[in-house]
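Residues per chain, in single letters:
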Amino acid sequence: MRALLRRLFGSGAPEGFTGELVADEHVLASAALGSSWLVATSHGLWLPGAQGAGPRRVGWHLVSKATWSGNVLSVVESVEDGAAGEAVVLRDLVPQRFPLESPGKVPQVVHERVTGSIRSRHRHESPGAWFLQRKVAGRDGVVLQVRPDPDSDVEQLRGIAASVAAKIAALREEP
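What counts and how
Residues numbered from 1 in each chain as written. Predicted model: local features only at pLDDT ≥ 70, side-chain atom pairs only at ≥ 80, totals over all residues. Heavy atoms only, no water. Salt bridge = Lys/Arg side-chain N within 4 Å of Asp/Glu carboxyl O. Helix = DSSP H or I, 4+ residues; strand = E, 2+ residues; numbered from the N terminus. Buried < 20%, exposed > 50% of the residue type's maximum accessible area, 1.4 Å probe, protein only. Pairing = 2+ DSSP bridges. Axes fitted to C-alpha atoms, helices over the stretch in contact; angles between N-to-C directions. Contact = heavy atoms within 4.5 Å. Core = buried A, V, L, I, M, F, W, Y, C linked by side-chain atoms within 4.5 Å. Expected span 1.5 Å × (residues − 1). Arc of directions from axis to C-beta. Polar contact = N/O pair within 3.5 Å; in protein donor to acceptor, adjacent residues only side chain to side chain.

### Some words on the pattern of salt bridges
- Counted under the stated rule, the structure contains 7 salt bridges.
- Among the salt bridges present, the one from E77 reaches R56, with a minimum N-O distance of 2.7 Å. With a gap of 21 residues between them, E77 in strand 6 (residues 72-84) and R56 in strand 4 (residues 56-59) connect regions that are remote in the sequence.
- Note on E77: relative accessible area 8%, which makes it buried.
- On the basis of relative accessibility, which here comes to 35%, the residue R56 falls in the partly exposed class.

Here it is in structure tokens:
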């Protein structure tokens, strides 16, 4: 049914947006960035590609932080930097800034989607890291993510994260 509606009415993407949405992905908000677009969908935030490349989607579960100040949306994207048992260790990339002359609902949607993807979070002080359980759009269940502080011992955190992930898995298996 959704495929039929998409053929009849389009995807909701702004004219000129060249990203390819998946079958169950729909546009929630968009804002122009010069000749490109910042597009928030049910699956993530489409960012303009670097140096002439097409746009790319960052899943909501990989947006570590997004802030709105003045007319600028700042986004910190994370990348998966290996596994620790069933947990995923993240590494934050350099913040990206997007000046939006007419932001529309983009800041609100980004805030709602990023915070809405977080099911639980816990701060571990030594070594410093955030442990988050996050929903991944388009998939069942949650993923345990570990975001180490910049000066943390990542190898030590991997051991802690693997242990935490095993305990969570055991709790899920209990009747």
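Past the structure itself, the notes keep going.
### Structural notes on the sheet that holds strand 3 (residues 44-47)
- Read from one edge of the open sheet, 4 strands run 1-2-3-4, paired in antiparallel fashion. Taken across any chain shown, the strands that pair with only one partner, and hence form the sheet edges, are strand 1 (27-33) and strand 4. Neighbour to neighbour, the strand axes of the sheet diverge by 20° on average, direction disregarded.
- Alignment of strand 3 against strand 4, held across 4 bridges, turns out to be antiparallel. Paired with L45 across the strands is V58, a residue of strand 4.
- Taken strand by strand, helix 2 (residues 106-117) contacts strand 1, strand 2 (36-41) and strand 3, and its axis lies near 130° from that of strand 1.

### Topic: the nonpolar core
- Within the largest apolar cluster, 23 residues are counted, with the highest numbers of intra-cluster contacts made by L38, L45, L100 and V106.
- Every element with two or more residues in this core is listed here: strand 1, strand 2, strand 3, strand 6, strand 7 (87-92) and helix 2.
- Counting residues per element, this core draws most heavily on helix 2, at 4 residues.
- What L38 contacts, discounting residues up to four positions off in sequence, is A29, S30, A31, L33, L45, W46, L47, P48, L73, F98, L100 and V106.
- Among the nonpolar cores identified, the runner-up in size contains 11 residues, and V89, A129, F131 and I168 belong to it.

### A word on helix 3 (residues 154-173)
- Between the first and last C-alpha of helix 3 there are 28 Å, a value that for 20 residues agrees with the 28 Å anticipated at 1.5 Å per step.
- Of all the residues in helix 3, the buried ones are L157, R158, A161, A165 and I168. Down the axis, helix 3 shows its buried residues gathered within 100° of arc, on one side only. Opposite the buried face of helix 3, by more than 90 degrees, sit the exposed residues E155, K167 and E173.
- Buried-residue contacts for helix 3 involve strand 6, strand 7, strand 10 (129-135) and strand 11 (142-148).
- A side-chain oxygen of the first residue of helix 3 lies 3.1 Å from the backbone nitrogen of E155; this N-cap is D153.

Keep in mind that these numbers describe shape and distance, not what the molecule does.
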